[in-house]
Amino acid sequence: MRALYQLIHDDSSESGLLDPFVLVPLDVLVDWNRENHPGYQDGPFDDAVIFDCTPAGHVRRVSSSNGWITFARDYGMNFAAVDLDPGPLGRIGQVLTYGRDVWAPVDYVTASVTDLLRRAITTLDDERPPPPDPEIRTHRLAGLPTTAQGAILDTEAPVHLADLKTFTDLRSLVVRGKPALVDMSIPAHVPIERLDVETARWQPAALPPTIVDLTLAGNAEPTPIADLAALPNLTRLNLSGAQVSDIEAIPTFPALRVLILNGRQWTTLLATGGKPDGLAAAELGGAAGVGDAARWYQAFGRKGGFHTLSGTRRPTDRA
């Protein structure tokens, strides 16, 4: 990369010298990397799971890094970065990409800038398909590849999460379609970090300790949640679309940092005097009356260093 800057300075008059990227001027490189780092930095109310790049182990599983130096762009709002802080199986100087067509924070491209140049020579004029979405949409778990890291299951049939036993890489599962029942018995060896379930009834069970982000919704009969206190890494919890019988158990959850409840749930929880001490962010989600909203704002307000979101106008609104 240093040699390219000494030789051509930038590639603004070319298209695809680095297949398919264009080297930007050095002053642009400096400005970009002073402003922010590649990848993304989610807010507290966004999904918490980061997928592995393929091949696994080459890129550190983080949302952004000051070891990723952006040096090139393409013409589709994507960017290339050289990685100075690789994973245990990667190498310094490997090339990553991020931007509009990348579903994860970054994708692995190749081992070096030199490899990009070689690839441009050997694959000139080739059309390459975009990288696949790491979160696969399916109607039945049996159709998923066992190496899937994320899945969106859209079905009305009962779901038994014990069927996940062969999915040793699965980190994110979303269940939609409001099946009549979801049995939550996930095998302990499945590394699920995000679980988002909308169901008419969930069968409570011991969840794996890897759970970081949990959303439960859609059930008609109130269901207890006290057992969630056994999850040592549960950081983000969204119950705003669920019926819960023991909302007062929430302050016992040891790692909770982000909590999303509807108006009635917040009112019930606050009435017990059990506002969780460790929260960094709170959201008023789902439905809420004026009185519920007023009590919520009085409890949390707009405190410095504390994130709040309100969705009291409609369940989908945020302000």
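Participant: An account of the overall build of the chain is requested, with residue identities and associated values reported.
Facilitator: Of the regular secondary structure elements, the chain holds five helices and 17 strands. Taking all 319 residues of the chain together, 48% fall into the buried category. The long-range share in the chain, meaning contacts at least 24 apart out of those at least 6 apart in sequence, stands at 36%. Total accessible area on the chain is roughly 15,900 Å²; 53% of this is exposed by carbon and sulfur atoms.

Participant: Got a sec to walk through the pattern of salt bridges? Specific residues and values, please.
Facilitator: Going through the model one piece at a time under the given rule, you end up with nine salt bridges. In this structure, Arg176 and Asp196 form a salt bridge, with 3.0 Å as the shortest nitrogen-oxygen distance. Of the two residues, Arg176 sits in strand 9 (residues 172-176) while Asp196 sits in strand 11 (residues 194-198), which places them 20 residues apart along the sequence. The exposure class of Arg176 is partly exposed, given its relative accessible area of 27%. The exposure class of Asp196 is buried, given its relative accessible area of 10%. Through salt bridges that share partners, Asp52, Arg61, Arg171 and Glu193 make up one connected network.

Participant: Go over the sheet that holds strand 8 (residues 159-160) with me, naming the residues and quoting the values.
Facilitator: In space, the three strands of this open sheet follow the order 8-10-12, with parallel pairing throughout. Every interior strand has two partners, whereas the edge strands, strand 8 and strand 12 (202-203), have only one. Bridge count for strand 10 (residues 182-183) against strand 12 is two bridges, and the pairing is parallel. Paired with Asp183 across the two strands is Gln203, which belongs to strand 12.

Participant: Hey, could you go over the sheet that holds strand 4 (residues 94-99) for me, with residue numbers and the actual values?
Facilitator: Across the sheet, five strands lie side by side as 1-2-3-4-5; this open sheet has antiparallel pairing. Two strands bound the open sheet, and with one partner strand each, they are strand 1 (22-23) and strand 5 (107-110). Both strand 4 and strand 5 contribute to a ladder of three bridges, which runs antiparallel. Among the inter-strand pairings, Leu96 is bridged to a residue of strand 5, identified as Tyr108. Taken strand by strand, helix 2 (residues 26-35) contacts strand 2 (68-73) and strand 3 (78-83), and its axis lies near 135° from that of strand 2. Lying on the sheet, helix 3 (residues 113-122) is in contact with strand 2, strand 4 and strand 5; it crosses strand 5 at an angle near 70°.

Participant: How would you summarise the pairing of strand 2 if you had to cite specific residues and measurements?
Facilitator: Of all six residues in strand 2, five are buried; the element is thus mostly enclosed. Sheet topology places strand 1 next to strand 2; two bridges connect them, and they run antiparallel. For Val22, the partnering residue across the bridge sits in strand 2 and is Arg73. One ladder, built from five bridges, connects strand 2 with strand 3; its direction is antiparallel. In the sheet register, Ala72 faces strand 3, and the bridge partner there is Ala80. Once strand 2 ends, the chain turns through four residues before running back antiparallel as strand 3, passing Met77 with a positive phi of about 65°.

Participant: Outline the nonpolar core, listing residues and values.
Facilitator: Of all hydrophobic cores here, the largest spans 48 residues; its most connected members are Leu173, Leu195 and Trp266. The residues touching Leu195, leaving out its near neighbours within four places in the chain, are Leu161, Leu173, Met184, Ile186, Leu207, Ile211, Asp213, Leu214 and Thr215. One finds Leu4, Leu29, Phe71 and Val95 within the second-largest nonpolar core, a separate group that totals 16 residues.

Participant: Give me the packing of aromatic side chains: which residues, what numbers.
Facilitator: Aromatic ring pairs: the centre-centre distance and the angle between the two ring planes describe each pair. Under the defined criterion, the tally for this structure stands at five aromatic pairs. When the centroid spacing of 5.5 Å and the interplanar angle of 25° are considered together, the rings of Phe79 and Tyr98 count as stacked. Here Phe79, found in strand 3, pairs with Tyr98, found in strand 4; they are 19 residues apart in sequence, far enough to count as distant. Using a relative accessible area of 24% as the deciding quantity, one classes Phe79 as partly exposed. Seen in terms of ring centroids, Trp296 and Tyr297 are 5.0 Å apart; in terms of plane orientation they differ by 80°. Their pairing is edge-to-face. Classification of Trp296 as buried rests on a relative accessible area of 1%. Looking at Tyr297, the relative accessible area reads 33%, which means it is partly exposed. Counting every residue linked through ring pairs, the aromatic cluster contains Trp266, Trp296, Tyr297 and Phe300.

Reading the values: the criteria
- Residues numbered from 1 in each chain as written.
- Predicted model: local features only at pLDDT ≥ 70, side-chain atom pairs only at ≥ 80, totals over all residues.
- Heavy atoms only, no water.
- Helix = DSSP H or I, 4+ residues; strand = E, 2+ residues; numbered from the N terminus.
- Buried < 20%, exposed > 50% of the residue type's maximum accessible area, 1.4 Å probe, protein only.
- Contact = heavy atoms within 4.5 Å.
- Areas by Shrake-Rupley, 256 points an atom, 1.4 Å probe, with all protein chains shown as cover.
- Salt bridge = Lys/Arg side-chain N within 4 Å of Asp/Glu carboxyl O.
- Pairing = 2+ DSSP bridges.
- Axes fitted to C-alpha atoms, helices over the stretch in contact; angles between N-to-C directions.
- Core = buried A, V, L, I, M, F, W, Y, C linked by side-chain atoms within 4.5 Å.
- Phe/Tyr/Trp six-rings, centres within 6.5 Å; stacked < 30°, edge-to-face > 60°.

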